[in-house]
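Structural overview for review
Each chain, letter by letter, is given below.
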Amino acid sequence: MLAAEVGRPVTHRGLPISFVADAAAEGGYEARIAATGRVATRDANWHDLFNALVWLRYPRIKAAMNARHCIEIENRPGGDRGPVRDALTQFDEDGLVLVTDDAALIDALRSHRWREALFERRGSVERAMLHVIGHALMEKALAPHFGLCAKALYMHADEVPSGHEALDSSLAARITEGCWPTSPRDLRPLPVLGLPGMTPVNTDAAYFDDTRQFRPLPAKRQ
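First, a word on scope: everything that follows refers to the structure included in this document. These figures come from a predicted structure and were not determined experimentally.

**Notes on the layout of surface pockets**
- Taken as a whole, the second largest pocket spans an internal volume of roughly 250 Å³.
- As for the second largest pocket, its lining consists of His 112, Trp 114, Gly 147, Leu 148, Cys 149, Pro 189, Pro 191, Arg 212, Gln 213, Arg 215, Pro 216 and Pro 218.
- In terms of residue class, the lining of the second largest pocket is built from seven nonpolar, three polar and two charged.

What follows is the structure in structure tokens.
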């Protein structure tokens, strides 16, 4: 029913996506999706259910990531995954896009000024649009553990029109063009338990001083 409501997703070649338990990853998981549109999906499995839901919510992003994986596989016949595939996998598993009109929030997040970003600018975080792409991140959020971290892309609202469909189209275009991501360094860590509503203790400013979870920016990124 959900697929009928939102429209059936397709691969970059226009093949309809189907979620099937018998889709063995013959020739590789990504290659199988590109060639047949069949996504291996286990019964009664949260991880695979959330993957299917992301396909339905952000079909262009998922199709673009699959196509980019296949290009990288063809360009690296020796089996080396390379930085692009590593970044795509991290985003696919744990990705989150935060869109805000608060440039100071983005700067604080990128600089790992966690107390400023997630406590002092809490109102901006609450108003921000959070697009959760990572299906593994969704699964982990069922029982969030200390140190749970998303692989984030921070975008100013001026960069993308509002709404998940606009984000789906614009980010898919960047992935297809090969300008993002180029390596895991294009993804920023975001401690999920610092987000409003994830735990009641993050309403205390001192919560963000625990460097085991809210780590300072590494010197090489400063």
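**Digging into empty space enclosed by the protein**
- Per the counting criterion, the structure on display carries one cavity of 30 Å³ or more.
- If you add up the space inside the largest cavity, you get close to 70 Å³.
- Forming the walls of the largest cavity are Tyr 29, Glu 30, Ile 33, Asn 51, Trp 55, Lys 62, Met 65, Asn 66, His 69 and Asp 92.
- Going through the elements one at a time, helix H2 (29–36), helix H3 (46–57) and helix H4 (59–75) are the ones with two or more residues in the lining of the largest cavity.
- Counting residues per element, the lining of the largest cavity draws most heavily on H4, which supplies four residues.
- Within the lining of the largest cavity, the residues separate by chemical class into four nonpolar, three polar and three charged.

**Things to note about the side chain of His 156**
- Structurally, His 156 can be placed in strand E5 (residues 149–156).
- Given the relative accessible area of 19%, His 156 is considered buried.

**Quick look at the environment of Arg 122**
- In this structure, Arg 122 sits in helix H8 (residues 122–127).
- Distance from Arg 122 to Leu 105, taken between C-alpha atoms, is 9.2 Å for residues 17 residues apart in sequence.
- Look past the residues within four positions of Arg 122 in its chain and what remains in contact with it is Ala 117, Pro 196, Gly 197, Asn 202 and Thr 203.

Calculation notes
- Residues numbered from 1 in each chain as written.
- Predicted model: local features only at pLDDT ≥ 70, side-chain atom pairs only at ≥ 80, totals over all residues.
- Heavy atoms only, no water.
- 1 Å grid on protein atoms, 1.4 Å probe; cavity = no way out; pocket = protein on both sides within 12 Å on 5 of 7 lines; lining within 4 Å.
- Points joined across faces, edges and corners; volume = space filled by probe spheres on them.
- Nonpolar A, V, L, I, M, F, W, Y, C, P; charged D, E, K, R; others polar.
- Helix = DSSP H or I, 4+ residues; strand = E, 2+ residues; numbered from the N terminus.
- Buried < 20%, exposed > 50% of the residue type's maximum accessible area, 1.4 Å probe, protein only.
- Contact = heavy atoms within 4.5 Å.

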